[in-house]
Amino acid sequence: MALFGLFSKEKKETLDKGLEKTKDSFFSKLGRAVVGKSTVDEEVLDEVENVLISSDVGVETTVKIIRRIEERVARDKYMGTDELDRILREEIAALLSDNNTSDVPDDFDLPPHKKPYVIMVVGVNGVGKTTTIGKLAAQFHKRGKKVVLGAGDTFRAAAVDQLKLWGDRVGVPVISHGMNTDPSAVAFDAVKKATDMNADVVIIDTAGRLHTKVNLMNELTKIKRVMQKVTPDAPHEVLLVLDGSTGQNAFIQATEFTKATEVTALAITKLDGTAKGGVVIGISDQFKIPVKYIGVGEKIEDLQTFNKMEFVDSFFKK
Ligand SMILES: Nc1nc2c(ncn2[C@@H]2O[C@H](COP(=O)(O)OP(=O)(O)OP(=O)(O)O)[C@@H](O)[C@H]2O)c(=O)[nH]1
Ligand SMILES: [Mg+2]
C-alpha cells in the first residue's frame, strides 16, 4: 500500500538520522583501526574487537562477531580491509537473525483476541517510560484504536501530570487517583474502564524508583495480581524500557529486571543523541526477550517498532 510505503520511507529516514552519532563514532573508530592496513589479519581483528566493545555492543556479542569473521577469514584466506564493512554487516545481520525472537510486528499492530490488550510499562526512573507510553498511545490512536492510559506512577509528584499531559495531547483518557495513592488500584480501574469502554489497548505507567528495589519489584507483582481480577491473563505485555544512552547500564538493568520480574518485551530509548547505539545489537543478541520498540527522538513519531534488518541496514548505511 502506497500509504505504508511512504511511512516506511519516513521511518527509515528517522532511523538513519537517529543513529547518526552512533554511526559517526563507529565508522571513524573503524577507519582508524584499519588505517595503513590492506588485509584483515589478527591485528586488525583485535582492533575491530576494541571498536565493537567501545561501541557498546557488549563483550559477549563482540566475541561472537569476531569469531564469525575469523572463520570467514580462515575460509576465504585473503580478506581486504575494504571488505570489512560489508563483512561486519553480513555477520551482524546473520547473528541477529539467529536469535529467533522476531515476533515483533512491522507496524504498531495489536494482537487479535486480546481486548483490551494490557501493556504494563516498567523500568528505572528517567529511562523514558512515560514518554514511550505517550508515543505508543499516539501511534495506536492514529491507527483508530481506542486507548486508555493508567497513571500508575503515584510515587513522584510530576508523574501523574506528565501522563495527563500526554493524554490531552493525544486525545485519550487517563485514569488517575493522584499522587501517593495505591498504584494497583489505578491499574485495576484503568483495566476496568478499558473493558467497559470496549477499548483496544490500555497502557499502565509505573514508578521507576521506590524506597528500595525490593519494594519496586513487590509493587509490580501486586499491580499485576490486582489487574488480573479484571482480566485474568493481564498484563499481556510487560514492556521494560531501557535508556540506550547509558550503554552498558542498559544491559545491567535488562539483566536485573528480567531476573526479578517477568518481562515480555523491551524498548530501548534515546538512541538519538548518543554514540552508544551499538547497545541495541548486543541486547537483541543476548536477550531472548524481543526488542519491540526503539526511541530515536523526542517527537511523537520518534518511536519505532524495531526491525533487526532495518536496524543493521541503517547502521551500515553511510
Ligand atoms: N532524545 C530522546 N529523549 C527521550 C527519548 N525518550 C525519552 N526521552 C526523554 O527522556 C526524559 C525522561 O523521560 P520520561 O518519559 O519522563 O522517563 P520515565 O522513565 O517516565 O521517568 P520517571 O517517571 O522519572 O521514572 C524526557 O526528557 C524525555 O523527553 C528518546 O527516544 N530520545
Ligand atoms: Mg515517568
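Scoring rules and cut-offs
Here the residue index of a chain counts from 1 through its sequence in written order. Lettering of chains starts at A and numbering of ligands starts at 1, both following the order in which they are written. In keeping with the predicted nature of the model, local features appear solely for residues at pLDDT of at least 70, side-chain atom pairs appear and are counted solely at 80 or more, and the whole-chain, interface and lining totals rest on all residues. Processing note: side-chain calculations cover all non-hydrogen atoms of the structure and skip hydrogens and water entirely. A pair of strands is labelled paired if DSSP reports no fewer than 2 bridges between them. Secondary structure is summarised from DSSP: a helix means a run of H or I of at least four residues, a strand means a run of E of at least two, and numbering begins at the N terminus for each. Residue contacts are defined here by distance: any two heavy atoms, one from each residue, within 4.5 Å place the two residues in contact. To obtain an axis, a line is fitted to C-alpha atoms, over the contacting stretch when the element is a helix, and the angle between two such axes runs from 0 to 180 degrees between their N-to-C directions. Under the rule applied, a polar contact is a pair of N or O atoms within 3.5 Å (in protein, one hydrogen donor and one hydrogen acceptor; residues adjacent in sequence only if both atoms are side-chain atoms). UniProt positions are given in the numbering used here, feature names are shortened, and annotations may be inferred rather than shown by experiment. Residue ranges for the domains trace back to a domain assignment, done automatically or taken from a database. In short, buried area is how much 1.4 Å probe accessible area vanishes from two parts on joining, totalled over both. Salt bridges are counted wherever a side-chain nitrogen of Lys or Arg sits within 4 Å of a carboxyl oxygen of Asp or Glu. We call a residue buried when its accessible area falls under 20% of the maximum for its residue type, exposed when it is over 50%, and partly exposed in between, using a 1.4 Å probe and counting protein chains only.

A. Geometry of the sheet that holds strand S2 (residues 147-152). Reading across the sheet, the 8 strands line up as S3-S2-S4-S1-S5-S6-S7-S8 and stay open at both edges, with mixed pairing between neighbours. Whereas interior strands pair on both sides, the edge strands pair on one side only; in this sheet they are strand S3 (174-175) and strand S8 (303-305). Pairing of strand S6 (residues 265-269) with strand S7 (residues 291-295) involves 3 bridges; the strand directions are parallel. Each bridged residue has a counterpart across the sheet, and for Ile 268 the counterpart in S7 is Ile 294. Relative to the sheet, helix H7 (residues 157-170) contacts S2, S3 and strand S4 (201-206), its axis offset from that of S2 by approximately 170°.

B. Region of interest: the side chain of Thr 132. With respect to the element layout, Thr 132 can be found in helix H6 (residues 129-142). A polar contact is formed between the side chain of Thr 132 and the backbone oxygen of Gly 128, at a distance of 2.6 Å. Filtering out sequence-adjacent residues up to four positions away, Thr 132 remains in contact with Val 241, Thr 269 and Leu 303.

C. The arrangement of the UniProt feature "domain: SRP54-type proteins GTP-binding" (unreviewed entry) in the chain in detail. Under the local residue numbering, the UniProt record ascribes the feature "domain: SRP54-type proteins GTP-binding" (unreviewed entry) to residues 290-303. End C-alpha atoms of residues 290-303 are separated by 16 Å, and the span's content is 0% helix alongside 43% strand.

D. Here's a closer look at the domain arrangement of the chain. Looking at the assigned domains, one finds that the chain contains domain 1 (9-98) and domain 2 (117-307). Its C-alpha centre places domain 1 at a distance of 33 Å from the equivalent point of domain 2. When the area that domain 1 buries against domain 2 is broken down by residue, the three leading residues are Lys 11, Asp 56 and Leu 96, summing to 32%. The interface formed by domain 1 and domain 2 includes 2 salt bridges.

E. Inspection of the pattern of salt bridges at higher detail. Throughout the structure, instances matching the rule amount to 22 salt bridges. With a closest N to O distance of 2.8 Å, Asp 107 and Arg 143 form a salt bridge. Highlighted residues: Asp 107 in the loop between helix H5 (84-98) and strand S1 (117-122) and Arg 143 in the loop between H6 and S2, separated in sequence by 36 residues. Residue class for Asp 107 comes out buried when judged on its relative accessible area of 18%. The exposure class assigned to Arg 143 is partly exposed, which follows from its relative accessible area of 25%. Residues Lys 292 and Glu 237 are paired through a salt bridge, measuring 2.7 Å at the closest nitrogen-oxygen approach. Of this pair, Lys 292 sits in strand S7 while Glu 237 sits in strand S5 (residues 237-243), and the two are 55 residues apart along the sequence.

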